[in-house]
Amino acid sequence: MMKQGCKIARGTAVRGNVTGPGNLVLDGQVVGTIALGGDLHIAKRGTLLGNSQGNEMQIDGVVEGNAVAHNSITLGRHARVQGKLKAKSVILNPGAQFSGEIEMDVILPEELLETLNDKEDSNA
Amino acid sequence: MPKTIIGKSFIIDGEVSSSDPLVIEGTVKGMIQSDDSVMVDSGAIVEAEISSPEVEVSGRLIGNVLATSKVELKDSSHVVGNLKAPSILIADGASFKGNVDMDA
């Protein structure tokens with residue numbers, strides 16, 4: 001069992017904001033925002049309409065909204081997500097349905113940046 | 001039976017409606033509606049109207065309770081609000097301020 005956990009079961013619907021320092025398992029429905037210090041797991045039957053924020057996210061359910069994770073966001077094969085994902089790494093598994101924008105931390109190799117700068121200089 | 005648990009230090013600001021047993025260890029502000037049972041754990045802070053067949057309070061509750069079966073205020077509870085239920089238990093040590101309506 002997770003420490004300081006929070007679980008929203010299948011028959012439960014929350015309309016409003018959920019905030020907490022720990023982990024949350026969502027098997028029910030949330031209409032509103034979720035802001036966590038821990039991890040968010042949206043289970044297969046879980047639905048979130050709204051933005052979410054957490055350390056790590058595993059999405060196996062339905063999400064409409066923007067998700068920001070400190071670490072990684074993983075979309076499982078049953079995930080249906082519409083919105084913007086922002087995380088260090090984003091993993092889309094086969095079968096996951098996603099429409100929107102993904103933003104990861106990208107560090108381009110320095111040589112590439114140099115050649116790009118050279119090109120811009122020669123164009124100028 | 002799956003339970004919904006609002007963990008310690010978690011805050012819900014809004015409405016919660018549930019057909020699962022609901023255990024609150026954190027904070028809920030707004031409204032709680034359940035078709036099963038609601039338990040306000042010791043350490044929990046609830047500022048909400050609660051409507052549920054069964055309500056058990058060990059923590060702090062500010063708000064009215066409407067129960068179709070029973071309300072139980074445990075010895076560690078602090079409750080301000082009106083209670084309406086066919087059966088109401090208030091334990092020795094509970095602090096309570098409000099009206100009681102047992103529909104007698």
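What counts and how
- Residues numbered from 1 in each chain as written.
- Chains lettered and ligands numbered in written order.
- Predicted model: local features only at pLDDT ≥ 70, side-chain atom pairs only at ≥ 80, totals over all residues.
- Helix = DSSP H or I, 4+ residues; strand = E, 2+ residues; numbered from the N terminus.
- Rg over C-alpha atoms; globule rule 2.2 N^0.38 Å.
- Buried ≥ 20, exposed ≤ 12 C-beta atoms within 10 Å, placed from the backbone.
- Contact = placed C-beta atoms within 7 Å.
- Nonpolar A, V, L, I, M, F, W, Y, C, P; charged D, E, K, R; others polar.
- Pairing = 2+ DSSP bridges.
- Expected span 1.5 Å × (residues − 1).
- Core = buried A, V, L, I, M, F, W, Y, C linked by C-beta atoms within 7 Å.
- pLDDT = per-residue confidence, 0-100.

Caption draft 1: Seen up close, the overall build of chain B. Along chain B, the regular secondary structure elements total zero helices and 13 strands. Along chain B, helices and strands appear, N-terminal first, in the series β-β-β-β-β-β-β-β-β-β-β-β-β. Radius of gyration (C-alpha) of chain B: 12 Å, near the 13 Å computed for a compact globule of 104 residues. In terms of overall dimensions, chain B has a C-alpha envelope of 35 × 25 × 25 Å along the principal axes. Considering chain B as a whole, with its 104 residues, one finds that 38% of them fall into the buried category. Sequence separation of 24 or more characterises 1% of the internal contacts of chain B that already satisfy a separation of 6 or more.

Caption draft 2: Focus on the overall build of chain A. The helix and strand inventory of chain A stands at one helix and 15 strands. Against the 2.2 N^0.38 benchmark of 14 Å for 124 residues, chain A shows a C-alpha radius of gyration of 18 Å, more extended than a compact globule. With the principal axes as the frame, chain A shows a C-alpha extent of 65 × 30 × 25 Å. Burial analysis of chain A (124 residues in total) assigns 35% to the buried set.

Caption draft 3: Structural context of the interface of chain A and chain B. Tallying the contact residues gives 22 residues for chain A and 21 residues for chain B. Counting residues per element, the ones that place at least two in the side of chain A that touches chain B are strand S1 (6–8) and strand S2 (12–20) of chain A. Sort the elements by how many residues they give to the side of chain A that touches chain B and S2(A) lands first, with nine residues. Class assignment of the residues belonging to the side of chain A that touches chain B gives a composition of seven nonpolar, eleven polar and four charged. Examined bridge by bridge, S2(A) and strand S2 (residues 11–18) of chain B share eight bridges and lie antiparallel to one another. Paired with Val14(A) across the bridge in S2(B) is Val16(B).

Caption draft 4: Looking closely at helix H1 (residues 110–123) of chain A. Across its 14 residues, H1(A) extends 20 Å between first and last C-alpha, which sits within 8% of the 20 Å expected from 1.5 Å per residue. Burial runs low along H1(A): only zero of the 14 residues are buried.

Caption draft 5: Seen up close, unusual backbone geometry. Residues and elements named next belong to chain B. The phi dihedral of Ser9 falls on the positive side, at around 70°, and the residue is not glycine. Along the polypeptide, Ser9 turns up in the loop between strand S1 (4–6) and S2. The partly exposed category is assigned to Ser9, around which 16 C-beta atoms lie within 10 Å.

Caption draft 6: Structural context of the pairing of strand S5 (residues 37–40) of chain B. Residues and elements named next belong to chain B. Both strand S3 (residues 22–24) and S5 contribute to a ladder of three bridges, which runs parallel. Among the inter-strand pairings, Val23 is bridged to a residue of S5, identified as Met39. Both S5 and strand S6 (residues 45–57) contribute to a ladder of four bridges, which runs parallel. Looking at S6, one finds that Val40 is bridged to Val57.

Caption draft 7: Focus on the nonpolar core. Leu24(A), Leu26(A), Ile59(A), Ile73(A), Ile24(B), Val28(B) and Val40(B) are the most contacted members of the largest nonpolar core, which has 52 residues in total. By residue number, the principal contributor to this core is S6(B), which donates five residues.

Caption draft 8: Structural context of the environment of Val57(B). All names here are of chain B. Within the fold, Val57 resides in strand S6. Take Val57: there are 30 C-beta atoms within 10 Å of it, and that puts it in the buried class. In contact with Val57, other than residues within four places in its own chain, are Val40, Leu73, Lys74, Ser77 and Val79.

Caption draft 9: Broad picture of the confidence of the model for chain B. All names here are of chain B. Chain-level statistics for chain B give a pLDDT mean of 96 and a share of 99% at 70 or above. Per-element averaging of pLDDT across chain B places S1 at the bottom with 95 and strand S7 (residues 60–62) at the top with 98. Both confidence scores are given for the complex: pTM 0.88, ipTM 0.90.

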